Amino acid sequence: MIESALVELVTNYPGSVSIYVQDDPSFPKAIESKVDDTSLEFSYKNNIEIVPTLICSIESKETDRTIGWDKSEWRKLTNLPSLGKDLDDFKPGCGSKTQEPGIEEQLAARFDAGLLSSRSIQLADLEDEIESCYERGWSDGLPVVPPSTVRVIRMLRGTDRSPSEIIGNIPPDNVPCSIEKVAINAVLAGCKAEYFPVVLASVEAALQDKFCMHGLLCTTYFSGPVMIVNGPVIKQIGLNSGINALGQGTRANATIGRALQLLIRNVGGGKPGGIDRAVMGSPGKYTFCFAEDESDENWNTLAQDRGFNRGDSVISLFAGEGLQPIVDQKSREPDSLAKNMAASLRAVVNTKLYGAADAVLVVCPEHRRVFRNAGWKKEDLKTALYDNLMSSGSDIITGAKGIAEGMPKKFENKIISKFRDDGLHITSTGSKAGMFSAIISGWVASGEKGSQLVSKRF
Amino acid sequence: MSSTIMLDPTAELAPAERQILPRLDSLKDTTVGLLDISKPRGKEFLDEVEEYLLTLGAKVKRYRKPTFARVAPKELNQQISVECDAVIEGLAD
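What you are looking at is a predicted structure, and each value in this text was computed from that prediction instead of being measured.

Topic: the overall build of chain B
Phase 1 of the analysis: A tally of regular secondary structure across chain B gives 2 helices and 4 strands.
Phase 2 of the analysis: N-terminal to C-terminal, the α/β element order of chain B is β-β-α-β-α-β.
Phase 3 of the analysis: Along the three orthogonal principal directions, the C-alpha set of chain B runs to about 45 × 35 × 25 Å.
Phase 4 of the analysis: Per-residue burial over chain B gives 14% buried out of 93 residues.
Phase 5 of the analysis: For chain B, restricting intrachain contacts to residue pairs at least 6 apart in sequence, the fraction spanning at least 24 positions comes to 76%.

Here's what the structure looks like:
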């Protein structure tokens, strides 16, 4: 439509007008000298969003631009008062090809040389991408997504933070780690860009001194980071807080937990058999991330327990492992159910070791309903649990009940609590049917001597 | 070269090239496999190598590929990796 105006422009300013064409290099036919921008390099570097765009520049420095066809604007910018006199006054133009889905990251990979700084590795012709990642030691044992430049740039679009920003030192090697390295490992793990803020928050939580990520990685014990997510982000990115929330099948749950593990492996250098000295480990060390069921507004979420609001998106990290089920299909009174839960909680780590490990009690919705129907709030449950988790030292000291393992003799005449203050956390998740709650047992080095639950808002 | 480029997810403390396995400090009390790839005179050559290795205190186990034309069967690779600390392959004529 604007071809005649372009001809007028070139005629009036011979040698001073460059016409860049994104799709058909023969357009406009009436003009000899055009610049073929089918590679989109010029368009990308000049942030063209709409075609046509008219840019005025003096000595290669842009002074003004107008987008689409707005006759009066074009006349003003070109100083040609009769430009396009036969054309409509206004046409909005079309979207630039640089704005098509999936193109932007490819253009950034080709034309934004300074964007990324990680070493690039070019594969040989016959190398299989996924096998190559295995051979280089980047995998936890499961296939990883090959971290191509385009995929990494796409991941980085999930945050406003600069790729070069250092998020912290990753244990065990304490290596400074950039946002870009986190993005590469999030790609390996299979994350979508929209999960990336959660991954970044999980890294920042893991790096809090209270969490003791270094020790958790090195320990001979079973534990690894367990992630519990609260807030609006759950629905925004599709984290599972319902059926099989702690199991397989949800991409966000599976890959967010995995990303932190891979980061610690690849950037931190924490590998099994190397610094990771776990006797057996546990399946949760591949990934262990789930969301809380926040559907009951009168039942405080874990994030609220940690001082945040319901509107906050928060990730909490707990050093834990495995699941110990609590079956209770008969209790209809809160006292009975709390006593049953307490009885199971005594088995955390060892029935005769108290104060050693923290725990997370995961209350299923049907059990939560038993408490709620009786008017209990979470604080009432916690109080009842602590009340039911006291033991006389004589029952649990070393040698008691014919078992050498147990608490030191000095506790013989004392009454001891199974969990330290702030050592028993309660969250809620799972499907609406089934009276099965669970315990996530903590690292045997819980508390100030080791790891404490940490939370990070994002 | 392939057009596939990947970005290094590690701290880049090690070179990008794949690394050879750690070398043995000494041959004493180690088991060294000698793999004959089935080319002519391989046996005689490896007999000499075996004699020399024995003087260095190594134990020696002998293996043979069914044919030099193909890579060693997986079972043979696994057997050597289980039974030996190192392997020397009698390559070429």
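Some points on unusual backbone geometry
Phase 1 of the analysis: Cis geometry is found at the peptide bond from Phe27 of chain A to Pro28 of chain A, where omega equals -10°.
Phase 2 of the analysis: Located in the positive-phi region is Glu12 of chain B, a residue other than glycine, with phi close to 60°.
Phase 3 of the analysis: In this fold, Glu12 of chain B is placed in the loop between strand 1 (5-7) and strand 2 (31-36).
Phase 4 of the analysis: Judged by local crowding, Glu12 of chain B falls into the partly exposed class, with 14 C-beta atoms found within 10 Å.
Phase 5 of the analysis: Although it is not a glycine, Asp29 of chain B adopts a positive phi angle of roughly 60°.
Phase 6 of the analysis: Mapped onto the secondary structure, Asp29 of chain B falls in the loop between strand 1 and strand 2.

Digging into the confidence of the model for chain B
Phase 1 of the analysis: Mean pLDDT for chain B: 88, with 95% of residues reaching 70 or above.
Phase 2 of the analysis: At the level of chain-chain contacts, confidence expressed as ipTM amounts to 0.85, with global pTM at 0.87.

Examining the domain arrangement of chain A
All names here are of chain A.
Phase 1 of the analysis: Partitioning chain A into structural domains gives domain 1 (3-98) and domain 2 (101-220 + 247-287).
Phase 2 of the analysis: For domain 1 and domain 2, the distance between their C-alpha centroids amounts to 43 Å.
Phase 3 of the analysis: Tallying the contact residues gives 6 residues for domain 1 and 4 residues for domain 2.
Phase 4 of the analysis: Of the residues contributing to the side of domain 1 that touches domain 2, the split by class is 2 nonpolar, 1 polar and 3 charged.

Re the interface of chain A and chain B
Phase 1 of the analysis: Contact residues are listed per partner, giving 28 residues for chain A and 13 residues for chain B.
Phase 2 of the analysis: Contributing elements (two or more residues each) for the side of chain A that touches chain B: strand 9 (120-122), helix 5 (129-135), helix 6 (149-156) and helix 7 (179-189) of chain A.
Phase 3 of the analysis: If one sorts the elements of the side of chain A that touches chain B by residue count, helix 7 of chain A sits on top with 4 residues.
Phase 4 of the analysis: A per-class count over the side of chain A that touches chain B returns 12 nonpolar, 8 polar and 8 charged.

Section: helix 8 (residues 196-206) of chain A
Phase 1 of the analysis: Among the 11 residues in helix 8 of chain A, 9 count as buried, and that is most of the element.
Phase 2 of the analysis: The complete set of buried residues in helix 8 of chain A reads Phe196, Val198, Val199, Leu200, Ala201, Ser202, Val203, Ala205 and Ala206 of chain A.

A short note on the sheet that holds strand 2 of chain B
Sheets are built from strands that pair by backbone hydrogen bonding, the pairs being arranged parallel or antiparallel.
Residue and element names in this part refer to chain B.
Phase 1 of the analysis: Taken together, the 3 strands give an open sheet; going across it, the order is 3-2-4, and neighbouring strands pair in parallel fashion. Both outer strands of the open sheet, strand 3 (59-64) and strand 4 (86-90), are each paired with one neighbouring strand and no more. The sheet shows a mean angle of 25° between the axes of neighbouring strands, taken without regard to direction.
Phase 2 of the analysis: Here 6 bridges tie strand 2 to strand 3, and the two strands are oriented parallel to one another.

Quick word on the environment of Asp387 of chain A
Residue and element names in this part refer to chain A.
Phase 1 of the analysis: Positionally, Asp387 belongs in helix 15 (residues 378-387).
Phase 2 of the analysis: Taking the C-beta count within 10 Å as the criterion, Asp387 has 12 such neighbours and is therefore assigned exposed.
Phase 3 of the analysis: Asp387 sits 157 residues away from Asn230 along the chain, and the two C-alpha atoms are 28 Å apart.

A few points about the packing of helix 7 of chain A against helix 8 of chain A
All names here are of chain A.
Phase 1 of the analysis: Running from N to C, helix 7 and helix 8 point in directions that differ by 115°, and their axes come no closer than 11 Å. For the crossing formed where helix 7 meets helix 8, the hand is right-handed. On the side of helix 7, the interface is formed by Val182, Ala183 and Ala186, while helix 8 contributes Phe196, Val199, Leu200 and Val203.

Observations regarding the packing of helix 8 of chain A against helix 11 (residues 251-266) of chain A
Residue and element names in this part refer to chain A.
Phase 1 of the analysis: Across the interface, helix 8 lies against helix 11 with an axial gap of 9 Å and an inter-helix angle of 50°. Taken as axis vectors, helix 8 and helix 11 run oblique relative to one another. Considering only the axes of helix 8 and helix 11, their crossing is right-handed. Seen from helix 8, the contacting residues are Val198, Val199, Ser202, Val203 and Ala206; seen from helix 11, they are Ile256, Ala259, Leu260 and Leu263.
Phase 2 of the analysis: When the residues that make up the contact of helix 8 with helix 11 are grouped by side-chain class, the tally is 8 nonpolar, 1 polar and no charged.

Topic: the pairing of strand 11 (residues 175-178) of chain A
Residue and element names in this part refer to chain A.
Phase 1 of the analysis: Across 4 bridges, the pairing between strand 10 (residues 166-170) and strand 11 is antiparallel. Residue pairing for strand 11: Ile166 is matched across the bridge by Ser178.
Phase 2 of the analysis: Linking strand 10 to strand 11, which pair antiparallel, is a turn of 4 residues; within it Asn174 sits at a positive phi near 55°.

Looking at the environment of Ala109 of chain A
Residue and element names in this part refer to chain A.
Phase 1 of the analysis: Turning to its location among the elements, Ala109 is positioned in helix 4 (residues 103-111).
Phase 2 of the analysis: Put simply, Ala109 and Arg151 are 42 residues apart on the chain and 9.5 Å apart in space, counted from C-alpha to C-alpha.
Phase 3 of the analysis: Those residues in contact with Ala109 that lie beyond four places of it in its chain are Thr149, Val150 and Ile153.

Observations regarding the pairing of strand 19 (residues 436-442) of chain A
Residues and elements named next belong to chain A.
Phase 1 of the analysis: With 6 of 7 residues buried, strand 19 is to be regarded as a mostly interior element.
Phase 2 of the analysis: Of the pairings in the sheet, the one linking strand 14 (residues 314-327) to strand 19 comprises 6 bridges and is antiparallel in character. Paired with Pro325 across the strands is Ala438, a residue of strand 19.
Phase 3 of the analysis: Pairing geometry for strand 15 (residues 359-363) and strand 19, over 4 bridges, is antiparallel. Considered in strand 19, the bridge of Val360 is made with Ile440.

Calculation criteria
Residues numbered from 1 in each chain as written. Chains lettered and ligands numbered in written order. Predicted model: local features only at pLDDT ≥ 70, side-chain atom pairs only at ≥ 80, totals over all residues. Helix = DSSP H or I, 4+ residues; strand = E, 2+ residues; numbered from the N terminus. Buried ≥ 20, exposed ≤ 12 C-beta atoms within 10 Å, placed from the backbone. Contact = placed C-beta atoms within 7 Å. pLDDT = per-residue confidence, 0-100. Domains from an automatic or database assignment. Nonpolar A, V, L, I, M, F, W, Y, C, P; charged D, E, K, R; others polar. Pairing = 2+ DSSP bridges. Axes fitted to C-alpha atoms, helices over the stretch in contact; angles between N-to-C directions. Left-handed = near helix turned anticlockwise from the far one by under 90°. Parallel < 35°, antiparallel > 145°, perpendicular 65-115°, else oblique.

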